[in-house]
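These are the residues of each chain, in order.
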Amino acid sequence: MVSSSSQKILVTGGAGFIGTHTVVQLLKGGFSVSIIDNFDNSVMEAVDRVREVVGPHLSQNLEFTQGDLRNRDDLEKLFSKTTFDAVIHFAGLKAVAESVAKPRRYFDFNLVGTINLYEVMAKYNCKKMVFSSSATVYGQPEKIPCEEDFKLQAMNPYGRTKLFLEEIARDIQKAEPEWRIVLLRYFNPVGAHESGKLGEDPKGIPNNLMPYIQQVAVGRLPELNVYGYDYPTRDGSAIRDYIHVMDLADGHIAALRKLFTMENIGCTAYNLGTGRGTSVFEMVAAFEKASGKNIPIKLCPKRPGDATEVYASTEKAEKELGWKAKYGVEEMCRDQWNWAKNNPWGYAGKP
Ligand SMILES: NC(=O)c1ccc[n+]([C@@H]2O[C@H](COP(=O)([O-])OP(=O)(O)OC[C@H]3O[C@@H](n4cnc5c(N)ncnc54)[C@H](O)[C@@H]3O)[C@@H](O)[C@H]2O)c1
Ligand SMILES: O=c1ccn([C@@H]2O[C@H](COP(=O)(O)OP(=O)(O)O[C@H]3O[C@H](CO)[C@H](O)[C@H](O)[C@H]3O)[C@@H](O)[C@H]2O)c(=O)[nH]1
């Protein structure tokens, strides 16, 4: 057993959507966790909810620091007082359209923040990292399912930051072979913790499908815009590989264990997906079934740059990480609805 509270993990961006769910699983897995987050896209209430979910005993193994990765001093302060065994690096920005409008903001948060993190990790000799990459690095895949050794391509500034950060990780590990880095390429994370206390709480109008559907279901938005209905797919809408956020969280625990046990892992990428594709219309129908709510839709033109069909090859993660997604679309919608109905206005409540 490699997990023990003597193993201390720094989780950057741990107050965010994927971060909170992963921190719960880390604490339950016996790790000690320190979160650093600047609340750019999250709130303190999310961290309080993590404590609520894991209970007072495990909460003793959780520390929180409000800080910004772009400010190297914030990282110095943390690393100079604590020895971390590994870092899970979620902190970053993720909205494609915003990245097109504000590329410098994306380069600052995602690139500068991560470069600072590597510098401070190296200085304090912490050289194990799990990095949040994205299926966006496959661009418009020529073939599906996407396999990890496919040609990579960026479609927008956000995607470019993920692609650059993957390349940066490979370069660092090549030059300094003592680094062990796992790049996790998430497909489409959705769902919520089964307790209904944790979930995705985007600021402003959601960009992604499931948070948008959720806000229609609770009456915050009138209808869902379906972007593209004449794709060459079984029902004309685009197909993605949706993955339950708790499966994703468990994928991070599997990756950490691999980092701790496999000396020559180098810098390796793994897809975290289910290997199954679901269309937009199928997702809407599944959410309607889970929630008992009608989701009015409006058929709209395709979103520029959207791929027709994307789903993961899951073989490598299954074989090498011993990890496989457990949940299907039904559970994703059930848990997302449970979160939505208990928190229709997210963590902060109705404005
Ligand atoms: N959710 C997705 O669809 C998806 C898909 C693929 C990859 N990813 C990647 O996974 C990671 C986590 O995504 P998420 O969905 O949990 O997003 P999120 O916005 O909910 O969480 C990111 C967290 O990082 C924090 N943060 C941002 N910049 C920071 C900085 N400079 N210093 C400190 N904290 C900072 C934010 O406040 C937020 O709490 C991101 O890197 C994202 O690009 C997400
Ligand atoms: O209001 C909406 C939102 C989305 N969609 C459709 O739903 C599908 C999924 O869209 P999302 O925006 O939820 O997810 P994407 O697959 O487009 O991409 C997101 O998840 C990816 C993970 O693979 C990358 O991280 C990417 O950068 C990020 O935006 C797409 O066909 C999109 O056109 C709609 O019809 N209406």
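Residues numbered from 1 in each chain as written. Chains lettered and ligands numbered in written order. Predicted model: local features only at pLDDT ≥ 70, side-chain atom pairs only at ≥ 80, totals over all residues. Heavy atoms only, no water.

Within an unreviewed UniProt entry, the label attached to the protein chain reads UDP-glucose 4-epimerase, and the organism entered is Flemingia macrophylla. Here the protein chain is described in UniProt, under the heading Cofactor (unreviewed entry), as follows: "NAD(+)". (UniProt positions renumbered as here; feature names shortened; annotations may be inferred.)

1. Looking at the site of ligand 2
Around ligand 2, a shell composed of 22 residues is seen, among which Ser 134, Asn 225, Arg 240, Arg 303 and Asp 306 lie nearest. Measuring from an oxygen atom of ligand 2, one finds a side-chain N or O atom of Asn 208 at 3.0 Å. Within the backbone of Asn 225, one N or O atom sits 2.6 Å away from a nitrogen atom of ligand 2. Calculation on ligand 2 without its partners gives an accessible area of 680 Å², and the protein chains cover 90% of this total. Residues of the shell around ligand 2, tallied by class, amount to 13 nonpolar, six polar and three charged. (Near = heavy atom within 4 Å. Polar contact = N/O pair within 3.5 Å; in protein donor to acceptor, adjacent residues only side chain to side chain. Areas by Shrake-Rupley, 256 points an atom, 1.4 Å probe, with all protein chains shown as cover. Nonpolar A, V, L, I, M, F, W, Y, C, P; charged D, E, K, R; others polar.)

2. Digging into a negative patch on the surface
A cluster of acidic residues, Glu 147, Asp 149, Glu 315 and Glu 318, forms a negative patch on the protein surface. Along the chain, Asp 149 falls in the loop between β5 (128–134) and α6 (157–175). A residue is classified by how much of its surface remains accessible, and Asp 149, at 66% relative accessible area, is exposed. (Patch = residues over 30% accessible without salt bridge, like charges linked within 9 Å, V, L, I, M, F, W, Y side chains within 5 Å. Salt bridge = Lys/Arg side-chain N within 4 Å of Asp/Glu carboxyl O. Lys, Arg positive; Asp, Glu negative; His and termini not counted. Charge placed at Lys NZ, Arg CZ, Asp CG, Glu CD. Helix = DSSP H or I, 4+ residues; strand = E, 2+ residues; numbered from the N terminus. Buried < 20%, exposed > 50% of the residue type's maximum accessible area, 1.4 Å probe, protein only.)

3. Structural notes on the pattern of salt bridges
If you walk through the whole model with that rule in mind, you get 18 salt bridges. For Glu 52, the salt bridge goes to Lys 197, with nearest N and O atoms at 3.1 Å. In this pair, Glu 52 sits in helix α2 (residues 44–59) while Lys 197 sits in the loop between β7 (188–190) and α7 (209–217), placing the two residues 145 residues apart along the sequence. Judged by its relative accessible area of 31%, Lys 197 falls in the partly exposed class. The salt bridge involving Glu 76 is made with Lys 123; its shortest N-O contact spans 2.8 Å. Taken together, the residues Glu 76 in helix α3 (residues 72–81) and Lys 123 in helix α5 (residues 103–123) connect sequence positions 47 residues apart. Several salt bridges share partner residues, and in doing so they unite Glu 166, Glu 167, Arg 170 and Arg 185 into one network.

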